[in-house]
Amino acid sequence: MLDKKLLALLACPLCKGPLIHQQDELICRADALAFPVRDGIPVMLEGEARALTLEESLPEHGAR
């Protein structure tokens, strides 16, 4: 699990937007990318990110 202070400082390296921590990934909904977290270290490289599926990129029900 990532430290809350670290997570508050991190932003998407592409759009500089907010990231959402889910399991072992940091999600950027704006770019539809998931950056891996390996051994507690975020890997913020576009080449290491995976593309989100259409279902994953949709906002959660009730989220505003």
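Preceding this section is the structure that the text describes.
Described below are features of the structure shown in this document. This is a predicted model, so every value here is computed, not measured.

## Notes on the pattern of salt bridges
A side chain of one charge can pair with a side chain of the opposite charge when the charged atoms of the two come close. Applying the stated criterion across every chain, the model contains three salt bridges. Here E48 and R38 are joined by a salt bridge, their closest N and O atoms 2.8 Å apart. Of this pair, E48 sits in the loop between β4 (41-42) and β5 (50-51) while R38 sits in strand β3 (residues 33-38), and the two are 10 residues apart along the sequence. A relative accessible area of 36% means that E48 is categorised as partly exposed. Among the residues examined, R38 registers a relative accessible area of 42% and is labelled partly exposed.

## Some thoughts on the environment of S57
With respect to the secondary-structure elements, S57 resides in helix α2 (residues 54-57). We classify S57 as partly exposed; its relative accessible area is 21%. The sequence separation of S57 and C28 amounts to 29 residues, and the corresponding C-alpha distance is 8.6 Å.

## Description of the nonpolar core
One finds L2, C12, L19, L26, C28, L33, F35, V37, M44 and A49 forming the largest nonpolar core, which totals 10 residues. Of all elements in the fold, only β2 (25-28) and β3 reach the threshold of two or more residues within this core. The biggest single contributor to this core is β3, with three residues. Once you skip the residues sitting within four places of it in the chain, L33 turns out to touch L14, L26, I27, C28, A49, R50, A51 and L52.

## With respect to the pairing of β3
β3 sits mainly inside the fold: five of its six residues count as buried. Bridge count between β2 and β3: four bridges; the pairing is antiparallel. Paired with C28 across the strands is L33, a residue of β3. Between β2 and β3, which follow one another and run antiparallel, lie four residues, and A32 among them has a positive phi close to 55°. As defined by bridge partners, β3 adjoins β5 across two bridges and the pair is classed as antiparallel. If you follow A34 over to β5, its bridge partner there is R50. Bridge count for β3 against β4 is two bridges, and the pairing is antiparallel. Among the inter-strand pairings, R38 is bridged to a residue of β4, identified as I41. The loop that links β3 with its antiparallel partner β4 comprises two residues; one of these, D39, has a positive phi angle of about 50°.

Definitions and cut-offs
Residues numbered from 1 in each chain as written. Predicted model: local features only at pLDDT ≥ 70, side-chain atom pairs only at ≥ 80, totals over all residues. Heavy atoms only, no water. Salt bridge = Lys/Arg side-chain N within 4 Å of Asp/Glu carboxyl O. Helix = DSSP H or I, 4+ residues; strand = E, 2+ residues; numbered from the N terminus. Buried < 20%, exposed > 50% of the residue type's maximum accessible area, 1.4 Å probe, protein only. Core = buried A, V, L, I, M, F, W, Y, C linked by side-chain atoms within 4.5 Å. Contact = heavy atoms within 4.5 Å. Pairing = 2+ DSSP bridges.

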